[in-house]
Amino acid sequence: MEFGTENFSLKGKVAWVTGAVYGIGFEIASALAGAGARIVFNALNDNDVQQGLDAYREAGIEAHGYVFDVTDEAGVQEGLKKIKEEVGSVDILVNNAGIIKRIPMVEMSAEDWRQVIDVDLTGPFICAKAVIPDMIENGGGKIINICSMMSELGRETVSAYAAAKGGLKMLTRNIASEYGEFNIQCNGIGPGYIETPQTAPLRERQPDGSRHPFDQFIISKTPAARWGRTDDLAGPAVFLASSASNFVNGHVLYVDGGILAYIGKQP
Ligand code: NAP
Ligand code: GCO
């Protein structure tokens with residue numbers, strides 16, 4: 001078979017990216033749109049959906065926005081029903097919506113722990129569960145779970161997030177194992193440290209104008225010697241959403257400027 005750029009084309013596909021009003025989700029959705037997909041996103045309230053619709057319009061993308069929470073199974077099912085009626089069956093799901101709570105583990109309430117696990121792990125389960133039956137009926141589909149460095153590594157204050165993102169890596173492998181025979185590919189993207197609102201507190205300037213110690217730490221831990229940008233995730237997302245990756249399944253593609261390969265600079 002001849003191979004060409006058409007292997008990366010998403011023309012005629014419907015891609016649903018969760019929580020894609022800004023940040024990584026917005027950039028991934030924009031990249032999928034650039035490759036030809038029709039974009040659907042959901043957000044928590046009308047204001048967020050409107051903010052997303054305005055941002056896509058400004059980028060020249062016709063997107064469809066819906067209000068529902070990824071942790072609410074009935075809401076997800078109802079939202080998906082509307083998406084099917086108004087846009088079509090979902091061919092590509094990107095589980096992007098996520099939260100983090102940076103709290104030392106012994107100070108973290110079980111309620112906070114559960115909320116992080118609910119959004120970052122149970123949400124992807126609920127959304128994947130909702131689209132898989134149609135993907136089977138339609139002869140296949142793509143699920144991309146947005147994992148993390150914390151799918152592999154731990155650090156102070158992020159116990160719930162690391163547990164959720166480690167779990168998401170295993171949910172990725174399990175979906176691939178359970179539904180691979182139906183031509184469903186489920187893979188993860190593991191972004192390194194990316195400049196988004198989620199990581200803004202780790203990059204805040206100090207009162208004396210110097211860089212945040214965590215900011216310096218990340219630059220020294222990253223062979224690329226910089227934070228990632230959301231557009232660093234565009235190519236990997238299009239690859240995993242397209243037929244170019246049809247025999248890639250259960251894999252997490254780390255897009256981290258080399259962090260996981262690196263022991264770190266000698267002090
Ligand atoms: P972000 O800037 O905080 O954006 C996350 C988005 O998810 C927001 O739009 C948020 O909506 C939405 N969301 C949160 N809970 C939701 C729910 N229950 N239902 C629907 N939407 C919900 O985060 P980001 O940095 O772009 O991260 C996106 C994903 O990449 C997350 O899964 C994150 O863990 C992961 N990630 C980020 C980095 C990084 O360095 N930034 C690295 C690795 C992985 P609201 O605005 O209403 O809260
Ligand atoms: C943190 C960060 C991370 C990143 C990301 C790394 O506090 O360590 O927020 O967890 O957001 O997930 O890949």
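Residues numbered from 1 in each chain as written. Chains lettered and ligands numbered in written order. Predicted model: local features only at pLDDT ≥ 70, side-chain atom pairs only at ≥ 80, totals over all residues. Heavy atoms only, no water.

## Some details on the overall build of the protein chain
If you tally the helices and strands in the protein chain, you get seven helices and seven strands. In terms of overall size, the protein chain behaves like a compact globule, its C-alpha atoms giving a radius of gyration of 18 Å where 267 residues would be expected to give roughly 18 Å. Expressed along its principal axes, the backbone C-alpha trace of the protein chain runs to roughly 55 × 45 × 40 Å. Relative to its 267 residues, the protein chain shows a buried fraction of 48%. (Helix = DSSP H or I, 4+ residues; strand = E, 2+ residues; numbered from the N terminus. Rg over C-alpha atoms; globule rule 2.2 N^0.38 Å. Buried < 20%, exposed > 50% of the residue type's maximum accessible area, 1.4 Å probe, protein only.)

## Observations concerning helix 4 (residues 110–137)
A rise of 1.5 Å per residue sets the reference length of helix 4, with its 28 residues, at 40 Å; its end C-alpha atoms lie 39 Å apart and thus fit the reference within 8%. The sharpest bend along helix 4 reaches about 40 degrees and sits at D118. Downstream of helix 4 by one or two residues, G139 has phi in the positive range, about 90 degrees. (Expected span 1.5 Å × (residues − 1). Bend = angle between axes of the 7 residues up to and from the residue.)

## Details of the site of ligand 2
Surrounding ligand 2, one finds 14 residues, the nearest of these being R102, S148, R155, Y161 and Q198. In the model, an oxygen atom of ligand 2 is placed 2.7 Å from a nitrogen or oxygen of the S148 side chain. At 2.7 Å, a side-chain N or O of Y193 approaches an oxygen atom of ligand 2. Of the pockets mapped on this structure, ligand 2 occupies the largest pocket. Grouping the constituent residues of the shell around ligand 2 by class yields eight nonpolar, four polar and two charged. (Near = heavy atom within 4 Å. Polar contact = N/O pair within 3.5 Å; in protein donor to acceptor, adjacent residues only side chain to side chain. 1 Å grid on protein atoms, 1.4 Å probe; cavity = no way out; pocket = protein on both sides within 12 Å on 5 of 7 lines; lining within 4 Å. Sits in = over half its atoms within 2 Å of the grid points. Nonpolar A, V, L, I, M, F, W, Y, C, P; charged D, E, K, R; others polar.)

## Things to note about the site of ligand 1
Around ligand 1, the structure places 26 residues, and the nearest of them are Y22, N96, Y161, I194 and T196. I24 has a polar backbone atom sitting 2.9 Å from an oxygen atom of ligand 1. About the coverage of ligand 1: the protein hides 89% of its 890 Å² of free accessible area. When each cavity is represented as a set of grid points, ligand 1 is found to reside in the largest pocket. Listing elements by their share of the shell around ligand 1, those giving two or more residues are helix 1 (23–34) and helix 5 (159–179). In terms of residue class, the shell around ligand 1 is made up of 14 nonpolar, nine polar and three charged. (Areas by Shrake-Rupley, 256 points an atom, 1.4 Å probe, with all protein chains shown as cover.)

## Details of a nonpolar patch on the surface
Among the surface-exposed residues, M1, F3 and F8 lie close enough to one another that they form a single nonpolar patch of about 410 Å² accessible area. The residue M1 is located in the segment before strand 1 (14–18) in this model. (Patch = residues over 30% accessible without salt bridge, like charges linked within 9 Å, V, L, I, M, F, W, Y side chains within 5 Å. Salt bridge = Lys/Arg side-chain N within 4 Å of Asp/Glu carboxyl O.)

## Regarding the state of the cysteines
Put plainly, two cysteines are in a disulfide when a covalent bond ties their sulfur atoms together. This model, assessed by the stated rule, comprises zero disulfides. C127 takes part in no disulfide bond, and the closest cysteine sulfur, belonging to C186, lies 12 Å away. Not part of a disulfide, C186 finds its nearest cysteine sulfur in C147, a span of 8.4 Å. Overall, C186 belongs to the buried group, its relative accessible area being 0%. (Disulfide = S-S within 2.5 Å.)

## Remarks on the side chain of T172
Looking at the secondary structure, you find T172 in helix 5. Polar side-chain contacts of T172 include one of 3.0 Å to the side chain of N145. The residues contacting T172, other than those within four sequence positions of it, are N145, C147, C186, N187, G188, G250 and H251. (Contact = heavy atoms within 4.5 Å.)

## Comments concerning the environment of I194
Tracing the chain through its elements places I194 in the loop between strand 6 (184–191) and helix 6 (213–221). Here I194 falls in the buried class, since its relative accessible area comes to 4%. The spatial distance from the C-alpha of I194 to the C-alpha of G228 is 4.2 Å, given a sequence separation of 34 residues. Discounting chain neighbours no more than four positions away, the residues touching I194 are I24, T199, R203, W227, G228, R229, T230, L233 and V255.

## A short note on the sheet that holds strand 3 (residues 63–67)
Here seven strands make up an open sheet; going across it, the order is 3-2-1-4-5-6-7 and the pairing parallel. Edge strands, defined here as strands with exactly one partner in the open sheet, are strand 3 and strand 7 (252–255). Strand-to-strand twist of the sheet, defined as the mean angle between neighbouring strand axes without regard to direction, takes the value 20 degrees. Where strand 2 (residues 38–43) and strand 3 come together, five bridges link them in parallel fashion. (Pairing = 2+ DSSP bridges. Axes fitted to C-alpha atoms, helices over the stretch in contact; angles between N-to-C directions.)

## Thoughts on the packing of aromatic side chains
Applying the stated criterion across every chain yields a total of eight aromatic pairs. Considering the side-chain rings of W16 and F68, the 5.8 Å spacing of their centres and the 65 degrees angle between planes classify their relative orientation as edge-to-face. Of the two residues, W16 is situated in strand 1 and F68 in the loop between strand 3 and helix 3 (73–86); the sequence distance between them amounts to 52 residues. R203 extends its terminal NZ or CZ atom over the ring of W227, reaching a point 5.0 Å from the ring centre. (Phe/Tyr/Trp six-rings, centres within 6.5 Å; stacked < 30°, edge-to-face > 60°. Lys NZ or Arg CZ within 6 Å of the ring centre and 35° of its normal.)

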